[in-house]
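Understanding the architecture of this molecule
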Amino acid sequence: MSKKHSISELVCYFLLCGGLMSVNGFHTLDLTYLLIVVILSGLCLLLQKGTWLFIGILILLSFLWPTYYYFFPYVFRSARISKNQDRILLVILCLLLIFSPHSWPIRIVLILLVCSASYLKMYSFEFHALQRKFNLTKDTTWEKETQLRQQNEQLKISQETELALQIAEERNRIARDIHDNVGHLLSSAILQVGAMEAINQSDSLHKPLDQLSHTLHLGMNRIRESVHDLHAHSLPFPQALDFLLTDFQFCPVEVIGTPPDHLTQIEQNVLITVIKEALTNIMKHSCATKVTLHFKQLPAFYRLQIKNDGTGNIPAPRSGIGLQTMRQRINQANGQLHIVQKENLFQLTIILPKEDCE
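Residues numbered from 1 in each chain as written. Predicted model: local features only at pLDDT ≥ 70, side-chain atom pairs only at ≥ 80, totals over all residues. Heavy atoms only, no water.

With respect to the packing of aromatic side chains
- The tally for this structure, following the rule as stated, stands at zero aromatic pairs.
- Over the ring of W104 we find R107; its NZ or CZ atom is 4.4 Å from the centre of that ring.
- Over the ring of Y302 we find K354, and its NZ or CZ is 5.1 Å from the ring centre. (Phe/Tyr/Trp six-rings, centres within 6.5 Å; stacked < 30°, edge-to-face > 60°. Lys NZ or Arg CZ within 6 Å of the ring centre and 35° of its normal.)

Regarding empty space enclosed by the protein
- Across all of its chains, the model carries two cavities of 30 Å³ or more by this definition.
- By volume, the second largest cavity is sized at about 60 Å³.
- Around the second largest cavity, the lining residues are T258, P260, L271, F295, K296, Q297, Y302, R303, L304, I350 and L352.
- Broken down by secondary-structure element, the contributors of at least two residues to the lining of the second largest cavity are β2 (291-297), β3 (301-308) and β5 (345-353).
- Per-class residue counts for the lining of the second largest cavity are seven nonpolar, two polar and two charged. (1 Å grid on protein atoms, 1.4 Å probe; cavity = no way out; pocket = protein on both sides within 12 Å on 5 of 7 lines; lining within 4 Å. Points joined across faces, edges and corners; volume = space filled by probe spheres on them. Helix = DSSP H or I, 4+ residues; strand = E, 2+ residues; numbered from the N terminus. Nonpolar A, V, L, I, M, F, W, Y, C, P; charged D, E, K, R; others polar.)

What about the sheet that holds β2?
- With mixed pairing, five strands are arranged side by side in an open sheet as β1-β2-β3-β5-β4. Looking at which strands have only one partner, the edges of the open sheet turn out to be β1 (253-256) and β4 (336-342). On average, each strand axis in the sheet is tilted by 10° relative to the strand beside it, whichever way the strands run.
- Of the pairings in the sheet, the one linking β1 to β2 comprises four bridges and is parallel in character. Following the sheet pairing, I256 is matched in β2 by H294.
- Helix-sheet contacts for helix α10 (residues 321-332) involve β4 and β5, and the interaxial angle to β4 is about 150°. (Pairing = 2+ DSSP bridges. Axes fitted to C-alpha atoms, helices over the stretch in contact; angles between N-to-C directions. Contact = heavy atoms within 4.5 Å.)

A few points about the packing of helix α3 (residues 51-64) against helix α5 (residues 83-98)
- Two elements in contact, α3 and α5, have axes separated by 12 Å at closest approach and are oriented at 5°. Between α3 and α5, the crossing angle belongs to the class labelled roughly parallel. Contacts between α3 and α5 involve W52, I55, I59 and F63 from the former and Q85, L89, I92, L93 and L96 from the latter.
- Considering only residue class, the contact of α3 with α5 consists of eight nonpolar, one polar and no charged. (Parallel < 35°, antiparallel > 145°, perpendicular 65-115°, else oblique.)

Some points on the pairing of β4
- In the sheet, β4 pairs with β5 via seven bridges, with the strands oriented antiparallel. Looking at β5, one finds that H338 is bridged to T349.
- Hairpin connection between β4 and β5: a loop of two residues separates the two successive antiparallel strands.

As for the pattern of salt bridges
- As enumerated under the stated definition, the model contains one salt bridge in all.
- Residue E254 pairs with K290 through a salt bridge whose shortest N-O separation is 2.8 Å. Taken together, the positions of E254 in strand β1 and K290 in the loop between α9 (265-285) and β2 put the pair 36 residues apart, joining distant regions of the chain.
- Its relative accessible area of 38% is what places K290 among the partly exposed residues. (Salt bridge = Lys/Arg side-chain N within 4 Å of Asp/Glu carboxyl O. Buried < 20%, exposed > 50% of the residue type's maximum accessible area, 1.4 Å probe, protein only.)

Structure representation (structure tokens):
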């Protein structure tokens, strides 16, 4: 119940009790009674722990001055006590009113007022309990909505990350296929045309061979530009790594060192694939609570250490398919893979030589 309604009820009880007191006439001393009961009521409202003390003072004063019996309903409505204590106080006040020195009509009216005050207090208890439950439900609903919104945002980021990685991988694959297949064929064709020009003895074939050579060289240049553009639009390694780590929610990941940003496409593909496979194995086979990626760049090679603190059911070195795939990819890039497995440590050390240092 709102404070406005509670104050209105207190005012009504004060007026009713004051009206009963003035039935037999109003005296100057009655102002003192009114002032004291207002103070006691205000103290009951302000100091919850002292409510019984103030009610006890009112009961004691009623034994000395029976006029205070009139204000039992008013002070009782102001009392801030528990539901069980409220019932005990109701019984006490009703018994005191039954044996009060006032006439029976006054006693009955006061008992009815005390009972009505008790009913309003019970109603107020239930109202506040429902209000607290409603607020709790509202807070819980808001919290769940917030969590759901965050999960949706994470899912959206994850989907965008996966899509970006797939686009980057597809661009890299297309660029690699063009370079390895079409580029090699054009290079072979240019060499063959050059050989034909060298052995050609017919003047009538000089111009067609020159045009064919020019066309092949132009095609090779266009192929190179296309491959360069595809590589330029693929994700750089630090950004691709951020996408991978953002999508990894199994446990916290600490990155030590600076991820290299001038990798060749082969080096980037190897590192991204190995990190992705390692994180997948951690989720599937370990009970890790932390993963550490330690990057170190030396003059002749790159070194990456992937460590976690929960070995769990990770396959023994050389036995897992994922580890074998990692080793094959790294060997193809002329790199090395070293595995250390202990009770609370599983560590992969990847060493890739820099292509410009080979």
